[in-house]
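Take a look at the letters that make up each chain.
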Amino acid sequence: MIHNTQTRLVSLLKQTAYVGLGFLVMLLIVGGHPSGFILGLSVVLGISFVVCYENKISRK
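All of the points below concern the structure found in this document. (Residues numbered from 1 in each chain as written. Predicted model: local features only at pLDDT ≥ 70, side-chain atom pairs only at ≥ 80, totals over all residues. Heavy atoms only, no water.)

**Some thoughts on helix α2 (residues 36-59)**
Under the convention used in this document: Per the convention used, a helix needs a DSSP run of H or I reaching at least four residues, while a strand needs a run of E reaching at least two, with both numbered from the N terminus. Here, expected helix span is obtained from the residue count minus one, scaled by 1.5 Å. Only heavy atoms matter for contacts: two residues are in contact if any of them lie within 4.5 Å across the pair.
Taking 1.5 Å per residue, 24 residues should reach 34 Å; α2 reaches 35 Å between its end C-alpha atoms and fits that length. If you follow the buried residues of α2, they end up packed against α1 (2-30).

**A few points about the side chain of Ser 11**
Note the threshold: Each residue gets one of three labels from its accessible area relative to the maximum for its type: buried under 20%, exposed over 50%, partly exposed in between, using a 1.4 Å probe on protein chains only.
Within the fold, Ser 11 resides in helix α1. When its relative accessible area of 10% is taken as the criterion, Ser 11 is described as buried. Apart from the residues within four sequence positions on either side, Ser 11 is in contact with Tyr 53, Glu 54 and Ile 57.

**Some remarks on the side chain of Gln 15**
As for its placement among the helices and strands, Gln 15 is situated in helix α1. Residue classification places Gln 15 among the buried residues on the basis of a relative accessible area of 6%. In this view, Gln 15 contacts Phe 49, Val 50, Tyr 53 and Glu 54; residues no more than four positions away in its chain are not counted.

Function-wise, these values are silent; they only describe arrangement.
Written as structure tokens, this is what we have:
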């Protein structure tokens, strides 16, 4: 049980780091002033990444 909890926590931290890095890159590309479209697109891509990552984990 503890091993499963640790695995899920590590997975959550990896996903958070990847999505955060994606937002940081987006901000660097647009110079710190993203338009609404770019911000929305980044959110949708972040959510899509997490969903795909979770589906990949659940298939194992």
